[in-house]
Structures are given as structure tokens and as C-alpha cells.
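Residues per chain, in single letters:
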Amino acid sequence: MDRLLKIAGPALSGEDPNLDYCSSLGSIGTELRQMWKNRNGFYAFESALHVFSSGNRTRRGQSIDPWDAAKGWLDSYGLLQPRLVFFAEDVFGGKFGTDGTGIYSLNPETAALSHVGNTLGEWAERILDDYAYMTGYPVAHEWQSRHGGIPAGHRLIPRIPFVFGGAYSADNMILGESVAAMRYWGKIANSIAGVSDGAQLTFDPSVVLSIRCAADGSDGSGICRCFAPDGDTGVSETDSRG
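Residues numbered from 1 in each chain as written. Predicted model: local features only at pLDDT ≥ 70, side-chain atom pairs only at ≥ 80, totals over all residues. Heavy atoms only, no water.

What follows deals with the packing of aromatic side chains. For the coordinates displayed, the defined rule picks out 10 aromatic pairs. When the centroid spacing of 5.1 Å and the interplanar angle of 80° are considered together, the rings of F87 and W123 count as edge-to-face. Highlighted residues: F87 in strand 3 (residues 85-89) and W123 in helix 4 (residues 120-129), separated in sequence by 36 residues. Between F162 and Y168, the aromatic rings sit 3.8 Å apart at their centres with planes inclined by 10°, giving stacked as the arrangement. (Phe/Tyr/Trp six-rings, centres within 6.5 Å; stacked < 30°, edge-to-face > 60°. Helix = DSSP H or I, 4+ residues; strand = E, 2+ residues; numbered from the N terminus.)

Structure (C-alpha cells):
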């Protein structure tokens, strides 16, 4: 973990971290406690990796406190809701979390979990050994070279989701507020999970524009749209069984 902290940016919060999350997470909780005491939230790899700060309930999309609250985004996943404490994210909004038994990554488009490591130290080593894949750094770098830095509390959202064949490229990305993006993805994950056998899914790329942040030049307002509106996910189902 020390190696990752050495290349990371400054702490995102000067407040004392809320360590209540750590009490039920065993040895991983101890590692999280030490990380937050050493650096209360940070960005690394040109903002591609975002480790949430702790102890501030007003920083939506930046602090773990409102981030892991059900009304923030978790309830959008319904029965697919992952039972983890999420402490970090990659540039595409993929989450890293723990239940105390290991570290897992969450695919926000499908709600699928993948095991990353058994300890926070192993997670940090995975990040350092393959940061391009684990954080999305190449796309983050290319997008920011064209459009400027990614504002705090935002992530890059694929116009066409990866699960529908969208490209891992800057051309396929728009800027969106993190919580709005997760609520949008939660609806997509439920649409995919609910598809009937033999059916095909299609996606309407125009729907993602509803959560596009004005900061990426979509309009002249300069005002971030915080939450995705309820309604259409852009995913529709057709029966192909004949």
C-alpha cells in the first residue's frame, strides 16, 4: 500500500476519517483504517483511480459516507444490490469493495463481482502491476488530453456500454457525475438481468446523454446534472425465438 500512496495525489479531506466501516471487516478493516489515517482519500494515475475519503457526508461521489448509502445509488440495483463496502473506483465507475473476506471489483453495467485479492495490500499490488487495465488509465489520459481534467465526483461513461460492445476509447466517453452514473447503470443491470431466454437486447445511445455533465461541453450552462432522471434506460428487449 505504501508504494501506491507514494505515487498518489494529496489527501482529498483534512477531516478525521469515519472508521466505523472498518469494525466489521476484520484484517481488511484494519488495512482500510490505516490507509485513511495516512491519506484520507486520493486520486492516482491522472484521476483514473479514485479512493474515496471518509468522514464527510456532504461530498456525494467523493466521500464513502454518502457514497455507500442506499439512497445514493445502491437502491438502483434492487435485488442485484452488492453487499460490499466500496472504497474506490476506476475511471469508468467500476467499483472496488470488500465484505471483509477479500477485495472485489464490481462491473457497474452488470453487477457482476470479480475477486481481486485477499487483502488491501494485494489489491494495491494488482493496481500497480496492471494500472492500465485496472484503472482505465490510457482512456483517462487520452480523454483529458482533449477535454481537460476530470472534475471531482465525476467519471467517464461510455456512450455505448461495454456490455453492448462499446469501445474502450476516449471517443466512446462522456463525462458524468458519479452517483447519477451508478443509478443509470443500476437500471441497465436490472434490464439485462431481467431479459427472457432467447431474447435480444438493444441499446439506445441517446439515453446516456441525460446524465452528461455540462462540464464536458454538452451545453453552455456549466451546471452538473447530479442525478439521472428516472425513466428510460435505453435498453429494450425483443423476442428472437421465432
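So, about the pattern of salt bridges. Inspection of the entire model under this criterion finds 6 salt bridges. The partner of D171 in a salt bridge is R146, and the shortest N-O contact between them spans 2.5 Å. With D171 in the loop between strand 7 (154-158) and strand 8 (173-177) and R146 in helix 6 (residues 137-147), this residue pair connects regions lying 25 residues apart in the sequence. By relative accessible area, D171 is classed as exposed at 53%. Through salt bridges with shared partners, a single ionic network connects E89, K95 and R155. (Salt bridge = Lys/Arg side-chain N within 4 Å of Asp/Glu carboxyl O. Buried < 20%, exposed > 50% of the residue type's maximum accessible area, 1.4 Å probe, protein only.)

With that out of the way, let us pick up the sheet that holds strand 2 (residues 49-51). Here we have 6 strands laid out as an open sheet, ordered 1-2-3-4-5-6, and antiparallel in their pairing. Two strands in the sheet have a free side with no partner beyond their single neighbour: strand 1 (42-44) and strand 6 (113-117). Between one strand and the next, the sheet's axes are offset by a mean angle of 30°, whatever the strand orientation. In this sheet, strand 6 lies alongside strand 5 (residues 103-106) in antiparallel orientation, the contact comprising 4 bridges. (Pairing = 2+ DSSP bridges. Axes fitted to C-alpha atoms, helices over the stretch in contact; angles between N-to-C directions.)

On to the confidence of the model for the protein chain, then. Summary statistics for the protein chain give a mean pLDDT of 84 and a share of 81% for residues scoring 70 or more. Low pLDDT, under 50, characterises residues 225-233; the predicted model gives this stretch 27 contacts beyond four residues in sequence or across chains. Confidence drops under a pLDDT of 50 for residues 235-242, and excluding neighbours within four residues, the segment shows 25 contacts in the predicted structure. (pLDDT = per-residue confidence, 0-100. Contact = heavy atoms within 4.5 Å.)

Our focus in this paragraph is the nonpolar core. Membership of the largest hydrophobic core comes to 42 residues, with the highest contact counts inside it found for L4, L32, L49, F87, F96 and W123. The element best represented in this core is helix 4, accounting for 5 residues. Counting 22 residues, the second largest nonpolar core, distinct from the first, contains W73, I157, V179 and M182. (Core = buried A, V, L, I, M, F, W, Y, C linked by side-chain atoms within 4.5 Å.)

This next bit is on the side chain of S13. Tracing the backbone through its elements, the reader meets S13 in the loop between helix 1 (2-7) and helix 2 (26-38). By relative accessible area, which is 6% here, S13 ends up buried. Looking at S13, its side chain comes within polar contact range of the main-chain nitrogen of E15, at 3.1 Å. (Polar contact = N/O pair within 3.5 Å; in protein donor to acceptor, adjacent residues only side chain to side chain.)

Next up on the list: unusual backbone geometry. Positive phi is not limited to glycine here, since F45 has a value of about 55°. Here F45 is to be found in the loop between strand 1 and strand 2.

Quick look at the pairing of strand 4 (residues 95-98) now. What you see with strand 4 is no split at all: K95 and G97 on one side and F96 and T98 on the other are buried throughout. As paired strands, strand 3 and strand 4 are joined by 4 bridges and run antiparallel to one another. Of the residues in strand 4, the one forming a bridge with A88 is F96. Where strand 3 folds back onto strand 4 in an antiparallel hairpin, the turn is made up of 5 residues, including G93, whose phi is positive at roughly 90°. Summarising the sheet, strand 4 and strand 5 pair through 4 bridges and their orientation is antiparallel. Within strand 5, the position partnered with K95 by the bridge is L106.

End to end, helix 2 covers 19 Å across 13 residues, agreeing with the expected 18 Å (1.5 Å per residue, within 8%). Looking only at helix 2, the buried set comprises I28, G29, L32, M35 and W36. Buried residues along helix 2 cover an arc of 120° about the axis, so they all sit on one side. Turned more than 90 degrees off the buried face of helix 2, the exposed positions are S27 and K37. (Expected span 1.5 Å × (residues − 1). Arc of directions from axis to C-beta.)

On to helix 6, then. Structurally, the α-helix is built with 3.6 residues per turn, so residues lying three or four positions apart point the same way. Those residues of helix 6 not exposed but buried are V139, A140, W143 and Q144. When helix 6 is viewed along its axis, its buried side chains cluster within an angular range of 120° and face the same direction. Those residues of helix 6 hidden inside the fold are in contact with strand 7 and strand 8. Just downstream of helix 6 lies G148, where phi reads positive at about 95°.

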